Amino acid sequence: MKTNILYPQQDKNAVKTAAELILQGEVVGMPTETVYGLAANALDGSAVAKIFHAKGRPQDNPLIVHIADFDQIYELCPAVPPQAKMLAEAFWPGPLTMIVPKNSRIPDEVSCGLDTVGIRLPAHPLARDLIRVAGVPLAAPSANTSGRPSTTTAEHVLRDMEGKIPAILDGGPCGVGVESTVVTLALDPPRLLRPGGVTLEQLRRVLGKVEVDRALFEAIGEDARVSAPGMKYRHYAPKAPVTVVCGNPQKTAEYIKQHVGNADGVLCFDEYRACFPGCVVECFGAQTDLAAQAREVFDRLRAFDDADVRWIWAQCPSDEGLGLAIANRIKKAAGFAVVEV
Ligand code: TXA
Ligand code: MG
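Fair warning: this is a prediction, and the values are worked out from it, not measured in the lab.

Colleague: Quick one: what's the story with the overall build of the protein chain, residue by residue and with numbers?
Modeller: From N to C terminus, the protein chain includes ten helices and 16 strands. Over its C-alpha atoms the protein chain spans a radius of gyration of 19 Å, differing by no more than 12% from the 20 Å that the globule rule assigns to 341 residues. Among the 341 residues that make up the protein chain, the fraction classed as buried is 59%. A sequence separation of at least 24 residues applies to 65% of the contacts in the protein chain between residues at least 6 apart. Entry remark: accessible area of the protein chain is about 13,800 Å², with carbon and sulfur atoms responsible for 49%. Charge centroids of the protein chain, computed over 35 positive and 40 negative side chains, lie 1 Å from each other.

See below:
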(Lines give C-alpha, C1' and ligand atoms only; values in the text may rest on other atoms or scores of the structure.)
(Ligands and ions follow the chains in the order given, each with its own letter.)
Protein backbone atom coordinates (compact mmCIF):
# COMPACT_ATOMS: atom_id res chain seq x y z
CA MET A 1 0.00 0.00 0.00
CA LYS A 2 1.29 3.48 -0.84
CA THR A 3 1.14 5.98 2.02
CA ASN A 4 0.13 9.45 0.79
CA ILE A 5 0.84 12.58 2.77
CA LEU A 6 -2.06 15.04 2.60
CA TYR A 7 -1.19 18.73 3.02
CA PRO A 8 -4.26 20.73 4.13
CA GLN A 9 -2.48 24.05 3.54
CA GLN A 10 -2.03 23.32 -0.16
CA ASP A 11 -4.91 20.95 -0.80
CA LYS A 12 -8.34 22.14 0.29
CA ASN A 13 -9.71 18.61 -0.11
CA ALA A 14 -7.15 17.04 2.25
CA VAL A 15 -9.50 16.64 5.22
CA LYS A 16 -12.30 15.41 2.96
CA THR A 17 -10.00 12.81 1.39
CA ALA A 18 -8.95 11.63 4.86
CA ALA A 19 -12.58 11.49 6.03
CA GLU A 20 -13.56 9.41 2.99
CA LEU A 21 -10.81 6.91 3.77
CA ILE A 22 -12.05 6.72 7.37
CA LEU A 23 -15.60 6.00 6.18
CA GLN A 24 -14.27 3.27 3.88
CA GLY A 25 -12.89 1.56 7.00
CA GLU A 26 -9.27 2.67 6.56
CA VAL A 27 -6.73 4.02 9.06
CA VAL A 28 -5.37 7.57 8.65
CA GLY A 29 -2.51 9.41 10.40
CA MET A 30 -4.04 12.41 12.20
CA PRO A 31 -2.34 15.39 13.87
CA THR A 32 -3.44 16.31 17.39
CA GLU A 33 -1.99 18.91 19.75
CA THR A 34 -0.28 16.15 21.80
CA VAL A 35 1.12 13.59 19.34
CA TYR A 36 -0.01 12.18 15.98
CA GLY A 37 -2.71 9.52 16.16
CA LEU A 38 -3.66 6.54 13.97
CA ALA A 39 -7.35 7.19 13.45
CA ALA A 40 -10.18 4.88 12.43
CA ASN A 41 -13.98 4.92 12.77
CA ALA A 42 -14.48 4.07 16.45
CA LEU A 43 -17.85 2.46 15.70
CA ASP A 44 -16.42 0.03 13.11
CA GLY A 45 -14.71 -2.94 14.77
CA SER A 46 -12.95 -4.18 11.65
CA ALA A 47 -11.54 -0.70 10.88
CA VAL A 48 -10.28 -0.50 14.47
CA ALA A 49 -8.64 -3.93 14.15
CA LYS A 50 -6.46 -2.48 11.35
CA ILE A 51 -4.99 0.00 13.84
CA PHE A 52 -3.74 -2.85 16.02
CA HIS A 53 -2.27 -4.54 12.97
CA ALA A 54 -0.46 -1.40 11.72
CA LYS A 55 1.05 -0.67 15.15
CA GLY A 56 1.75 -4.24 16.20
CA ARG A 57 -0.19 -3.34 19.34
CA PRO A 58 -0.95 -5.95 22.01
CA GLN A 59 -4.61 -7.01 21.77
CA ASP A 60 -5.39 -6.20 25.42
CA ASN A 61 -4.46 -2.51 25.19
CA PRO A 62 -7.64 -0.43 24.62
CA LEU A 63 -7.85 2.69 22.43
CA ILE A 64 -9.15 6.12 23.28
CA VAL A 65 -11.98 7.70 21.31
CA HIS A 66 -11.79 11.26 19.99
CA ILE A 67 -14.86 13.47 19.71
CA ALA A 68 -15.32 16.97 18.29
CA ASP A 69 -18.07 18.33 20.58
CA PHE A 70 -18.83 17.58 24.22
CA ASP A 71 -22.34 16.32 23.50
CA GLN A 72 -20.94 13.43 21.44
CA ILE A 73 -19.99 11.83 24.77
CA TYR A 74 -23.69 11.03 25.37
CA GLU A 75 -23.68 8.79 22.29
CA LEU A 76 -20.91 6.67 23.78
CA CYS A 77 -21.33 6.79 27.54
CA PRO A 78 -24.59 5.69 29.25
CA ALA A 79 -24.04 7.68 32.47
CA VAL A 80 -21.76 10.70 32.15
CA PRO A 81 -20.30 11.35 35.63
CA PRO A 82 -20.67 14.94 36.90
CA GLN A 83 -16.88 15.14 37.18
CA ALA A 84 -16.64 14.65 33.41
CA LYS A 85 -18.50 17.91 32.86
CA MET A 86 -16.27 19.74 35.33
CA LEU A 87 -13.13 18.43 33.65
CA ALA A 88 -14.46 19.21 30.18
CA GLU A 89 -15.23 22.77 31.17
CA ALA A 90 -11.73 23.23 32.52
CA PHE A 91 -9.61 21.33 29.98
CA TRP A 92 -11.49 20.50 26.76
CA PRO A 93 -10.65 20.93 24.01
CA GLY A 94 -7.23 19.79 25.15
CA PRO A 95 -4.79 17.11 26.25
CA LEU A 96 -7.02 15.18 28.66
CA THR A 97 -8.57 11.71 28.29
CA MET A 98 -11.32 10.65 30.71
CA ILE A 99 -12.16 7.00 31.32
CA VAL A 100 -15.94 6.63 31.67
CA PRO A 101 -18.49 3.77 31.41
CA LYS A 102 -19.11 2.76 27.78
CA ASN A 103 -22.24 1.66 25.95
CA SER A 104 -22.64 -1.07 23.34
CA ARG A 105 -21.94 1.26 20.38
CA ILE A 106 -18.25 0.98 21.31
CA PRO A 107 -17.04 -2.29 19.79
CA ASP A 108 -14.85 -4.70 21.76
CA GLU A 109 -11.97 -3.93 19.40
CA VAL A 110 -11.80 -0.45 20.99
CA SER A 111 -12.29 -1.34 24.63
CA CYS A 112 -10.59 -4.79 24.63
CA GLY A 113 -13.32 -6.27 26.78
CA LEU A 114 -13.35 -3.51 29.44
CA ASP A 115 -16.68 -1.89 30.35
CA THR A 116 -15.12 1.58 30.12
CA VAL A 117 -13.83 3.80 27.34
CA GLY A 118 -11.36 6.69 27.20
CA ILE A 119 -12.78 9.84 25.62
CA ARG A 120 -10.86 12.91 24.47
CA LEU A 121 -11.83 16.15 22.75
CA PRO A 122 -8.60 17.29 21.08
CA ALA A 123 -7.64 20.94 20.60
CA HIS A 124 -6.04 20.55 17.18
CA PRO A 125 -8.37 22.11 14.58
CA LEU A 126 -7.50 19.50 11.92
CA ALA A 127 -8.35 16.65 14.30
CA ARG A 128 -11.72 18.22 15.07
CA ASP A 129 -12.38 18.98 11.37
CA LEU A 130 -11.64 15.37 10.51
CA ILE A 131 -14.03 14.07 13.18
CA ARG A 132 -16.77 16.45 12.04
CA VAL A 133 -16.37 15.80 8.32
CA ALA A 134 -16.24 12.02 8.84
CA GLY A 135 -19.26 12.37 11.15
CA VAL A 136 -18.07 9.57 13.47
CA PRO A 137 -15.95 9.45 16.63
CA LEU A 138 -12.37 8.39 15.92
CA ALA A 139 -10.45 5.74 17.82
CA ALA A 140 -6.78 6.75 17.78
CA PRO A 141 -3.72 5.60 19.65
CA SER A 142 -0.38 7.35 19.17
CA ALA A 143 0.85 6.77 15.60
CA ASN A 144 4.07 4.93 16.44
CA THR A 145 4.98 1.28 16.06
CA SER A 146 4.20 -0.26 19.46
CA GLY A 147 7.09 0.18 21.88
CA ARG A 148 8.70 3.05 19.92
CA PRO A 149 8.67 6.72 20.90
CA SER A 150 5.43 8.49 19.98
CA THR A 151 5.27 10.52 16.78
CA THR A 152 5.20 14.32 16.85
CA THR A 153 5.62 15.03 13.10
CA ALA A 154 4.14 13.57 9.91
CA GLU A 155 7.69 12.41 9.00
CA HIS A 156 7.84 10.31 12.19
CA VAL A 157 4.50 8.75 11.29
CA LEU A 158 5.74 7.96 7.78
CA ARG A 159 8.89 6.37 9.25
CA ASP A 160 6.82 3.92 11.31
CA MET A 161 3.75 3.48 9.08
CA GLU A 162 4.95 3.65 5.47
CA GLY A 163 3.18 0.96 3.44
CA LYS A 164 0.81 0.16 6.31
CA ILE A 165 -1.76 2.97 6.08
CA PRO A 166 -3.09 4.83 3.02
CA ALA A 167 -2.66 8.44 4.23
CA ILE A 168 -1.26 10.86 6.78
CA LEU A 169 -2.79 14.29 7.30
CA ASP A 170 0.18 16.65 7.83
CA GLY A 171 -0.58 19.27 10.49
CA GLY A 172 3.04 20.24 11.21
CA PRO A 173 4.84 19.48 14.49
CA CYS A 174 2.66 18.85 17.56
CA GLY A 175 2.47 21.72 20.06
CA VAL A 176 2.38 19.77 23.34
CA GLY A 177 4.59 16.83 22.38
CA VAL A 178 3.63 14.34 25.13
CA GLU A 179 0.35 12.44 25.09
CA SER A 180 -2.81 13.39 26.88
CA THR A 181 -3.27 12.94 30.60
CA VAL A 182 -5.41 9.84 31.29
CA VAL A 183 -7.65 10.01 34.36
CA THR A 184 -10.24 7.40 35.25
CA LEU A 185 -13.60 8.50 36.60
CA ALA A 186 -14.60 4.85 36.99
CA LEU A 187 -12.82 4.75 40.37
CA ASP A 188 -13.60 6.78 43.45
CA PRO A 189 -11.55 8.87 44.04
CA PRO A 190 -10.50 9.42 40.41
CA ARG A 191 -7.08 8.09 39.58
CA LEU A 192 -4.34 9.42 37.30
CA LEU A 193 -3.33 6.58 34.98
CA ARG A 194 -0.96 8.51 32.71
CA PRO A 195 0.48 11.99 33.32
CA GLY A 196 0.31 14.25 30.27
CA GLY A 197 -0.42 17.72 28.94
CA VAL A 198 -2.85 18.53 31.79
CA THR A 199 -0.95 18.37 35.09
CA LEU A 200 -1.87 16.48 38.27
CA GLU A 201 -1.98 19.81 40.09
CA GLN A 202 -4.53 21.11 37.54
CA LEU A 203 -6.67 17.97 37.92
CA ARG A 204 -6.68 18.29 41.70
CA ARG A 205 -7.80 21.91 41.49
CA VAL A 206 -10.95 20.71 39.70
CA LEU A 207 -11.57 17.29 41.26
CA GLY A 208 -10.14 17.60 44.75
CA LYS A 209 -8.67 14.23 45.61
CA VAL A 210 -6.94 12.39 42.75
CA GLU A 211 -4.90 9.23 43.36
CA VAL A 212 -1.85 8.37 41.32
CA ASP A 213 -1.48 4.90 39.83
CA ARG A 214 1.66 3.06 40.92
CA ALA A 215 2.45 2.20 37.31
CA LEU A 216 3.68 5.78 36.91
CA PHE A 217 6.71 5.03 39.01
CA GLU A 218 7.59 1.36 38.59
CA ALA A 219 7.85 -1.32 35.97
CA ILE A 220 4.72 -3.48 35.84
CA GLY A 221 4.99 -7.19 35.04
CA GLU A 222 3.57 -8.58 31.80
CA ASP A 223 0.98 -10.61 33.69
CA ALA A 224 -0.13 -7.83 36.00
CA ARG A 225 -3.69 -6.60 36.02
CA VAL A 226 -3.37 -2.84 35.82
CA SER A 227 -5.83 -0.01 35.53
CA ALA A 228 -4.39 1.21 32.21
CA PRO A 229 -3.31 -1.88 30.30
CA GLY A 230 -0.89 0.19 28.19
CA MET A 231 1.26 0.88 31.19
CA LYS A 232 2.74 -2.59 31.48
CA TYR A 233 4.50 -2.62 28.12
CA ARG A 234 7.98 -1.25 27.39
CA HIS A 235 7.33 2.06 25.78
CA TYR A 236 8.86 5.03 24.05
CA ALA A 237 12.09 3.12 23.67
CA PRO A 238 14.87 3.95 21.25
CA LYS A 239 16.92 0.94 20.06
CA ALA A 240 19.74 1.46 22.57
CA PRO A 241 19.16 0.90 26.32
CA VAL A 242 18.61 4.06 28.36
CA THR A 243 19.75 4.95 31.90
CA VAL A 244 18.02 7.95 33.50
CA VAL A 245 19.94 10.02 36.02
CA CYS A 246 17.66 12.03 38.32
CA GLY A 247 18.49 14.86 40.68
CA ASN A 248 20.03 18.31 40.57
CA PRO A 249 21.04 18.92 36.91
CA GLN A 250 24.58 20.01 37.78
CA LYS A 251 25.10 16.76 39.67
CA THR A 252 23.42 14.55 37.09
CA ALA A 253 25.63 16.07 34.36
CA GLU A 254 28.67 15.32 36.53
CA TYR A 255 27.50 11.72 37.07
CA ILE A 256 26.89 11.16 33.38
CA LYS A 257 30.31 12.62 32.51
CA GLN A 258 31.94 10.07 34.82
CA HIS A 259 30.03 7.08 33.48
CA VAL A 260 29.45 7.78 29.80
CA GLY A 261 31.42 5.76 27.25
CA ASN A 262 32.90 7.03 24.02
CA ALA A 263 30.22 7.30 21.31
CA ASP A 264 27.40 6.78 23.83
CA GLY A 265 24.32 8.97 23.53
CA VAL A 266 23.43 11.70 26.02
CA LEU A 267 19.97 13.28 26.31
CA CYS A 268 20.53 16.50 28.23
CA PHE A 269 19.23 19.98 28.96
CA ASP A 270 20.49 22.73 26.61
CA GLU A 271 22.80 24.15 29.29
CA TYR A 272 24.93 20.98 29.28
CA ARG A 273 25.39 20.60 25.52
CA ALA A 274 29.16 21.12 25.65
CA CYS A 275 29.81 18.81 28.62
CA PHE A 276 30.06 15.49 26.77
CA PRO A 277 32.74 15.69 24.06
CA GLY A 278 32.96 12.56 21.90
CA CYS A 279 29.35 11.61 22.67
CA VAL A 280 26.21 11.85 20.55
CA VAL A 281 24.44 14.70 22.36
CA GLU A 282 20.73 15.47 21.92
CA CYS A 283 19.38 18.47 23.84
CA PHE A 284 15.68 18.68 24.67
CA GLY A 285 15.23 22.20 26.02
CA ALA A 286 16.55 24.45 28.78
CA GLN A 287 16.37 22.90 32.25
CA THR A 288 13.48 25.09 33.39
CA ASP A 289 11.61 25.06 30.06
CA LEU A 290 9.22 22.13 30.58
CA ALA A 291 7.08 23.06 27.56
CA ALA A 292 10.13 22.76 25.26
CA GLN A 293 11.18 19.49 26.90
CA ALA A 294 7.72 18.00 26.34
CA ARG A 295 7.74 19.14 22.70
CA GLU A 296 11.23 17.77 22.02
CA VAL A 297 11.56 14.59 24.07
CA PHE A 298 10.20 12.02 21.61
CA ASP A 299 11.91 13.62 18.61
CA ARG A 300 15.27 13.57 20.42
CA LEU A 301 14.83 9.96 21.59
CA ARG A 302 14.11 8.97 18.00
CA ALA A 303 17.25 10.81 16.80
CA PHE A 304 19.49 8.35 18.68
CA ASP A 305 18.34 5.54 16.40
CA ASP A 306 19.90 7.29 13.39
CA ALA A 307 23.19 7.70 15.27
CA ASP A 308 23.32 4.02 16.22
CA VAL A 309 24.56 4.58 19.78
CA ARG A 310 25.41 1.72 22.19
CA TRP A 311 23.91 3.26 25.35
CA ILE A 312 21.93 6.40 26.19
CA TRP A 313 22.29 8.46 29.37
CA ALA A 314 19.46 10.88 30.13
CA GLN A 315 18.90 13.88 32.35
CA CYS A 316 15.33 14.25 33.55
CA PRO A 317 13.16 17.02 35.03
CA SER A 318 11.62 16.62 38.50
CA ASP A 319 7.99 15.56 38.96
CA GLU A 320 6.34 18.97 39.33
CA GLY A 321 3.81 20.20 36.76
CA LEU A 322 4.46 19.03 33.22
CA GLY A 323 7.73 17.54 34.54
CA LEU A 324 5.79 14.50 35.81
CA ALA A 325 4.76 13.56 32.26
CA ILE A 326 8.19 14.20 30.74
CA ALA A 327 9.99 12.26 33.50
CA ASN A 328 7.49 9.40 33.13
CA ARG A 329 8.20 9.09 29.38
CA ILE A 330 11.98 9.15 29.88
CA LYS A 331 11.81 6.61 32.73
CA LYS A 332 9.56 4.33 30.68
CA ALA A 333 11.98 4.61 27.73
CA ALA A 334 14.59 3.36 30.22
CA GLY A 335 12.37 0.53 31.49
CA PHE A 336 12.68 2.34 34.86
CA ALA A 337 16.48 1.99 34.98
CA VAL A 338 16.86 5.07 37.16
CA VAL A 339 19.86 6.36 39.13
CA GLU A 340 19.25 9.01 41.81
CA VAL A 341 22.19 11.29 42.56
O1 TXA B 1 -2.58 12.27 23.39
C2 TXA B 1 -3.07 11.16 23.26
O3 TXA B 1 -3.76 10.61 24.14
C4 TXA B 1 -2.82 10.43 21.92
C5 TXA B 1 -3.49 11.23 20.80
C6 TXA B 1 -3.43 10.54 19.47
O7 TXA B 1 -4.82 11.53 21.17
N8 TXA B 1 -3.30 9.08 21.99
C9 TXA B 1 -2.67 8.14 22.75
O10 TXA B 1 -3.26 6.88 22.72
O11 TXA B 1 -1.67 8.37 23.40
P12 TXA B 1 -2.52 5.58 23.23
O13 TXA B 1 -3.37 4.45 22.79
O14 TXA B 1 -1.11 5.58 22.74
O15 TXA B 1 -2.58 5.69 24.78
C16 TXA B 1 -3.82 5.57 25.46
C17 TXA B 1 -3.63 5.05 26.85
C18 TXA B 1 -3.08 3.63 26.88
O19 TXA B 1 -2.11 3.56 27.92
C20 TXA B 1 -4.31 2.78 27.21
O21 TXA B 1 -3.98 1.60 27.90
C22 TXA B 1 -5.11 3.73 28.07
O23 TXA B 1 -4.90 5.01 27.50
N24 TXA B 1 -6.55 3.41 28.01
C25 TXA B 1 -7.36 3.45 26.92
N26 TXA B 1 -8.61 3.06 27.24
C27 TXA B 1 -8.60 2.76 28.55
C28 TXA B 1 -9.59 2.27 29.48
N29 TXA B 1 -10.84 2.03 29.11
N30 TXA B 1 -9.21 2.09 30.76
C31 TXA B 1 -7.94 2.33 31.13
N32 TXA B 1 -6.97 2.79 30.31
C33 TXA B 1 -7.29 2.98 29.04
MG1 MG C 1 0.97 5.28 22.74
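Colleague: Could you give an account of the state of the cysteines, with specific residues and numbers?
Modeller: Summed over the entire model, instances satisfying the criterion amount to zero disulfides. Free cysteine cysteine 268: the closest other cysteine sulfur is in cysteine 283, separated by 3.9 Å.

Colleague: Requested: an account of the pairing of strand β9 (residues 181–184), with residues and values cited.
Modeller: The two faces of β9 match: Thr181 and Val183 on one face and Val182 and Thr184 on the other face are all buried. Here strand β5 (residues 96–101) runs beside β9; their pairing, made up of four bridges, is parallel. Looking at β9, one finds that leucine 96 is bridged to threonine 181. Relative to strand β10 (residues 191–194), β9 is paired through three bridges, and the arrangement is antiparallel. Looking at β10, one finds that valine 183 is bridged to leucine 192. Linking β9 back to β10 in an antiparallel pair, the connection comprises six residues.

Colleague: I'd like a rundown of the nonpolar core, residues and numbers included.
Modeller: Leu87, Trp92, Leu96, Met98 and Leu203 are the most contacted members of the largest nonpolar core, which has 49 residues in total. Secondary structure elements with two or more residues in this core: β3 (37–41), α2 (45–55), α3 (82–91), β5, β6 (116–120), α6 (154–161) and α7 (200–207). For this core, the leading source of residues is α2, giving five residues. Leaving out residues up to four positions away in the same chain, leucine 96 has contacts with Leu87, Phe91, Ile119, Arg120, Ser180, Thr181, Val183, Val198 and Leu203. Formed by 38 residues, the second largest nonpolar core is a distinct cluster that contains Leu267, Tyr272, Val297 and Ile326.

Quick notes on the rules
Residues numbered from 1 in each chain as written. Chains lettered and ligands numbered in written order. Predicted model: local features only at pLDDT ≥ 70, side-chain atom pairs only at ≥ 80, totals over all residues. Heavy atoms only, no water. Helix = DSSP H or I, 4+ residues; strand = E, 2+ residues; numbered from the N terminus. Rg over C-alpha atoms; globule rule 2.2 N^0.38 Å. Buried < 20%, exposed > 50% of the residue type's maximum accessible area, 1.4 Å probe, protein only. Contact = heavy atoms within 4.5 Å. Areas by Shrake-Rupley, 256 points an atom, 1.4 Å probe, with all protein chains shown as cover. Lys, Arg positive; Asp, Glu negative; His and termini not counted. Charge placed at Lys NZ, Arg CZ, Asp CG, Glu CD. Disulfide = S-S within 2.5 Å. Pairing = 2+ DSSP bridges. Core = buried A, V, L, I, M, F, W, Y, C linked by side-chain atoms within 4.5 Å.

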